[in-house]
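Below are the chains, spelled out letter by letter.
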Amino acid sequence: MESASQDINLNSPNKGLLSDAMTDVPVDSAAAARTSAPEGLTLAEEEELRSELAKVEEEIGTLRQVLAAKERHCGELKRKLGLTPLDGLKQNLSKSWHDVQVSNAYVKTSEKLGEWNDKVTQSDLYLSASSTLEDWNEKLTQSEAYKKTQETLSQAGQKTSAALSNVGSVISRKLGDMRNSATFKSFEDRVGTIKSRVVGSRENSTEGLHSPSGTGDKPPQDNAPF
């Protein structure tokens, strides 16, 4: 800080060094360019271009304002129609996917993949591999082990079905035997007897309530004094 203040001091013997150092400071080229016309352009052409640039920037600002107003109006219409932002996102995704499908890059890629698929399926290596797999499949299905396994599984399925059928038949027969047994018939008779008694007692009680000889139907005696 002391050396800087000594250089700034006008009475310092080093006052000439400050002016010499300031001559090395770079000049703002952009400010210089604004004061002078670019190379190859006259002042009139520069003024015309600057005027056109100002008009274009003004038009851009106007278009931005119009676009913002259109977006607000679009949002109000969607709100009135009950469209949510998710619906708009789905619509945008569908449109974007459609644009991708009809684009030249997508069409060319699809065609190229189709060509590669044709080349692969028609190549000798692919045909040889397919033929080898078919041979292995044929040998496997015609082998004794495969046939025995298939027969074993078939027999196991048949035995399982027969066992289930036998179980059902046994259960049905047992139920029939139980219903025809003397114990079950005796139980049914007892249940029927109890039921008839309960029904008969209810009928008798109902008749007693509605009978004219009941105590409830006797006229009241007038014991009041004369």
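Since the structure is predicted, the reported quantities are computational estimates derived from the model, not experimental observations.

### A few points about the overall build of the protein
And step 1. Helix and strand counts for the protein come out as nine helices and zero strands.
And step 2. Of the regular secondary structure in the protein, the N- to C-terminal order runs α-α-α-α-α-α-α-α-α.
And step 3. Carbon and sulfur atoms provide 59% of the accessible area of the protein, an area that totals close to 20800 Å².

### What to know about the confidence of the model for the protein
And step 1. Taken residue by residue, the protein gives an average pLDDT of 77. The fraction at 70 or more is 72%.
And step 2. Contacts for the low-pLDDT stretch residues 1–8, under 50 throughout, to residues beyond four places or in other chains number five contacts.
And step 3. Contacts for the low-pLDDT stretch residues 15–23, under 50 throughout, to residues beyond four places or in other chains number five contacts.

### So, the pattern of salt bridges
And step 1. Taken as a whole and assessed by the stated rule, the structure comprises three salt bridges.
And step 2. Close ionic contact of Lys 95 with Asp 99 constitutes a salt bridge, the shortest N to O distance being 3.3 Å. A residue pair is termed a helical-turn pair when its members lie 3 or 4 positions apart in one helix, as Lys 95 and Asp 99 do in helix H5 (residues 85–102) at four residues.
And step 3. In this structure, Lys 112 engages Glu 115 in a salt bridge whose closest nitrogen and oxygen atoms are separated by 3.8 Å. Within this pair, Lys 112 and its partner Glu 115 are both found in helix H6 (residues 104–121), separated by three residues, close to a single helical turn.
And step 4. Its relative accessible area of 41% is what places Lys 112 among the partly exposed residues.
And step 5. Look at Glu 115 and you get partly exposed, because its relative accessible area is 39%.

### Brief notes about the packing of aromatic side chains
And step 1. Here the structure, examined in full by the defined rule, presents one aromatic pair.
And step 2. Considering the side-chain rings of Trp 97 and Tyr 106, the 5.9 Å spacing of their centres and the 80° angle between planes classify their relative orientation as edge-to-face.
And step 3. Overall, Tyr 106 belongs to the partly exposed group, its relative accessible area being 32%.

### A look at the packing of H5 against H6
And step 1. Remark: H5 packs on H6, axes separated minimally by 4 Å, with the N-to-C direction vectors making an angle of 55°. Taken together, the axis directions place H5 and H6 in an arrangement best described as oblique. Where H5 approaches H6, its residues Trp 97, Val 100, Gln 101 and Val 102 are matched on the opposing element by Asn 104, Tyr 106 and Val 107.

### Observations regarding a nonpolar patch on the surface
And step 1. Where nonpolar side chains cluster on the molecular surface, the patch consists of Trp 97, Val 100, Tyr 106 and Val 107 and spans about 340 Å² of accessible area.
And step 2. Of all the secondary-structure elements, those providing two or more residues to the nonpolar patch are H5 and H6.
And step 3. Within the secondary structure layout, Trp 97 lies in helix H5.
And step 4. For Trp 97, a relative accessible area of 46% puts it in the partly exposed group.

Cut-offs applied
- Residues numbered from 1 in each chain as written.
- Predicted model: local features only at pLDDT ≥ 70, side-chain atom pairs only at ≥ 80, totals over all residues.
- Heavy atoms only, no water.
- Helix = DSSP H or I, 4+ residues; strand = E, 2+ residues; numbered from the N terminus.
- Areas by Shrake-Rupley, 256 points an atom, 1.4 Å probe, with all protein chains shown as cover.
- pLDDT = per-residue confidence, 0-100.
- Contact = heavy atoms within 4.5 Å.
- Salt bridge = Lys/Arg side-chain N within 4 Å of Asp/Glu carboxyl O.
- Buried < 20%, exposed > 50% of the residue type's maximum accessible area, 1.4 Å probe, protein only.
- Phe/Tyr/Trp six-rings, centres within 6.5 Å; stacked < 30°, edge-to-face > 60°.
- Axes fitted to C-alpha atoms, helices over the stretch in contact; angles between N-to-C directions.
- Parallel < 35°, antiparallel > 145°, perpendicular 65-115°, else oblique.
- Patch = residues over 30% accessible without salt bridge, like charges linked within 9 Å, V, L, I, M, F, W, Y side chains within 5 Å.

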